[in-house]
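Observations on the model geometry
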Amino acid sequence: MHIPDGFLDPKIWVGASVVSAGALATAVSKTRKVLEDRQVPALGVMGAFIFAAQMINFPVAGGTSGHLLGGALAAILLGPWSAGLILTTVLVIQMLFFYDGGLTALGANVLNMAVIAPWVAYGTYRLVGGLFKGNAGRTAATFLAAWLSVMAAALACSLEIAFSGTVPLAVVLPAMLGWHALIGIGEGLITVVVVSFVSRLWGLEQFGQKSYAGGEQL
Amino acid sequence: MNRKNLIWGLLVALAIAAFLSPFASPSPDGLERVAEDKGFLHLAEGKELIHALMPDYVFPGIASEGLATSLAGLVGTLLVFGAMYLVSLVFVRPKGNAGKGRS
């Protein structure tokens, strides 16, 4: 859901950019406290993986496709602050080199996919993961976190477009949430598979333990 | 996490970008589909503010579409890895701050 130039009016994209810049500055100062030198390459590898995975559009229904967003994946494996830095880097490279997402819309895209998506995922994961014990609970928490992160980003995207006066909210919101409810299922499945595989690899079996690679509390 | 896992992780990312990207669905994604259906996709036309090197994930000057996509994927994956690594070193772990983490 990379917003191109032309969909947002100045007050919306400037506002979103200010909020995103604040979130990023906080992310840098938070990760500075927990990230250790030896963990730095892990952020790069996660970014590389999310970029590559975002290229693989999967068909959802009737001539529409979706692709992994990765906010939940990064937030569940590395923590929400590291996830914000990673997703922002991916979005900047996509905008600069591939014209995926506009320059003026960058702040809004960062807000939706690098701030809202990871935090909704992280909050859901902590909340639901804490309710149930065991592997099944963690899998359910991961799936729900990933699905909700896509829905929340789609909701934010709809609001930005509607408040820009581009198209009424009553028109854009149901359409966006409808398609992304399906795309979110793909997000959930991919996130569950990758999280369970990497968790085993990194020994991240305990819910709520410190991330091996991001240094944040999960 | 050890170095070996990280190298494997990067190789997996590169393999996905190189071998799977040509098989990605060409259908519009969620937002693009909504913009098409609700008639506001034209607002984005001709609004490009920057000249991107590989628009639509196609490496320039390559006749084969699949190969051009693979190459764009490989370049992009390495660019993201490099940029993230640099950003982490410069902003998150600047010299003088090294080792002053929580540990």
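The name an unreviewed UniProt entry gives chain B is Cobalt/nickel transport protein, with Desulfofundulus luciae as the organism.

Labelled according to an unreviewed UniProt entry, chain A appears under the name Cobalt/nickel transport system permease protein, originating from Desulfofundulus luciae.

1. A few points about the overall build of chain A
Secondary structure assignment for chain A yields seven helices and two strands. Shown N-terminal to C-terminal, the secondary structure of chain A runs as helices and strands in the order α-α-β-β-α-α-α-α-α. In terms of overall dimensions, chain A is globule-like: its C-alpha atoms have a radius of gyration of 17 Å, near the 17 Å expected for 218 residues. A principal-axis box enclosing the C-alpha atoms of chain A has dimensions of 50 × 35 × 30 Å.

2. Quick notes on the nonpolar core
All names here are of chain A. Counting 91 residues, the largest nonpolar core has Met-1, Leu-73 and Leu-77 as the members making the most contacts within it. Per element, the largest residue contribution to this core is twelve residues, and it comes from helix H5 (residues 106-131). In contact with Leu-73, other than residues within four places in its own chain, are Met-46, Phe-49, Ile-50, Leu-68, Thr-191, Val-194 and Val-195.

3. Overview of the packing of aromatic side chains
Residue and element names in this part refer to chain A. Inspection of every chain in the model, using the stated rule, returns eight aromatic pairs over all chains. Judged by centre distance (5.4 Å) and plane angle (40 degrees), the ring pair of Phe-51 and Phe-98 falls under tilted. Highlighted residues: Phe-51 in helix H2 (residues 40-54) and Phe-98 in helix H4 (residues 80-98), separated in sequence by 47 residues. Assessed through its relative accessible area of 0%, Phe-98 is described here as buried.

4. Quick notes on the interface of chain A and chain B
On the chain B side, the residues contacting the 70 residues of chain A number 60 residues. Interface area for chain A against chain B, summed over the two sides, is near 5500 Å², with a carbon-plus-sulfur share of 73%. Taken together, the connections running from chain A to chain B amount to zero salt bridges. Within the residue set of the side of chain A that touches chain B, elements represented by two or more residues are helix H1 (10-34), H2, strand S1 (58-61), strand S2 (64-66), H4, helix H6 (134-163) and helix H7 (169-202) of chain A. Each residue belonging to the side of chain A that touches chain B can be placed in one class, and the counts come to 43 nonpolar, 19 polar and eight charged.

5. Section: the UniProt feature "transmembrane region" (unreviewed entry) in chain A
All names here are of chain A. Sequence positions flagged by UniProt for "transmembrane region" (unreviewed entry) are, in local numbering, residues 12-28, 40-60, 72-99, 106-125, 145-172 and 179-202. The span residues 12-28 shows a helical share of 100% and a strand share of 0%, and its end C-alpha atoms are spaced 24 Å apart. Here residues 40-60 is 71% helix and 14% strand, with 35 Å between the C-alpha atoms at its ends.

6. Description of helix H3 (residues 65-92) of chain B
Its 28 residues give H3 of chain B an end-to-end C-alpha distance of 39 Å, which sits within 8% of 40 Å, the value for a rise of 1.5 Å per residue. Three or more residues of H3 of chain B are buried, namely Ala-68, Thr-69, Ser-70, Ala-72, Gly-73, Gly-76, Thr-77, Val-80, Phe-81, Met-84, Ser-88 and Val-92 of chain B. Residues of H3 of chain B that are buried make contact with H1, H2 and H4 of chain A together with helix H1 (3-20) of chain B.

7. Focus on the pattern of salt bridges
Oppositely charged side chains are able to pair whenever their charged atoms sit close together. Residue and element names in this part refer to chain A. Applying the stated criterion across every chain yields a total of three salt bridges over all chains. Two residues, Lys-11 and Asp-9, come together in a salt bridge whose shortest N-O distance is 3.1 Å. Its salt-bridge partner being Glu-36, residue Arg-38 comes within 3.3 Å of it at the nearest N-O pair.

8. Structural notes on the packing of helix H3 (residues 71-78) of chain A against H7 of chain A
All names here are of chain A. Across the interface, H3 lies against H7 with an axial gap of 9 Å and an inter-helix angle of 25 degrees. Relative to H7, the element H3 lies roughly parallel. Every pair of crossing elements has a handedness; the one defined by H3 and H7 is right-handed. Mapping the contact onto sequence places Gly-71, Ala-72, Leu-73, Ile-76, Leu-77 and Leu-78 in H3 and Glu-187, Thr-191, Val-194, Val-195, Val-198, Ser-199 and Trp-202 in H7.

9. Topic: the packing of H3 of chain A against H5 of chain A
Residue and element names in this part refer to chain A. Between H3 and H5, the least distance of the axes is 8 Å, while the angle of their chain directions is 50 degrees. Relative to H5, the element H3 is oriented oblique. Along this stretch, H3 crosses H5, giving a crossing that reads as right-handed. On the side of H3, the interface is formed by Gly-71, Ala-72, Ala-75 and Ile-76, while H5 contributes Pro-118, Ala-121, Tyr-122 and Tyr-125. Per-class residue counts for the contact of H3 with H5 are seven nonpolar, one polar and no charged.

Reading the values: rules and limits
Residues numbered from 1 in each chain as written. Chains lettered and ligands numbered in written order. Predicted model: local features only at pLDDT ≥ 70, side-chain atom pairs only at ≥ 80, totals over all residues. Heavy atoms only, no water. Helix = DSSP H or I, 4+ residues; strand = E, 2+ residues; numbered from the N terminus. Rg over C-alpha atoms; globule rule 2.2 N^0.38 Å. Core = buried A, V, L, I, M, F, W, Y, C linked by side-chain atoms within 4.5 Å. Buried < 20%, exposed > 50% of the residue type's maximum accessible area, 1.4 Å probe, protein only. Contact = heavy atoms within 4.5 Å. Phe/Tyr/Trp six-rings, centres within 6.5 Å; stacked < 30°, edge-to-face > 60°. Buried area = accessible area lost by both parts, 1.4 Å probe. Salt bridge = Lys/Arg side-chain N within 4 Å of Asp/Glu carboxyl O. Nonpolar A, V, L, I, M, F, W, Y, C, P; charged D, E, K, R; others polar. UniProt positions renumbered as here; feature names shortened; annotations may be inferred. Expected span 1.5 Å × (residues − 1). Axes fitted to C-alpha atoms, helices over the stretch in contact; angles between N-to-C directions. Parallel < 35°, antiparallel > 145°, perpendicular 65-115°, else oblique. Left-handed = near helix turned anticlockwise from the far one by under 90°.

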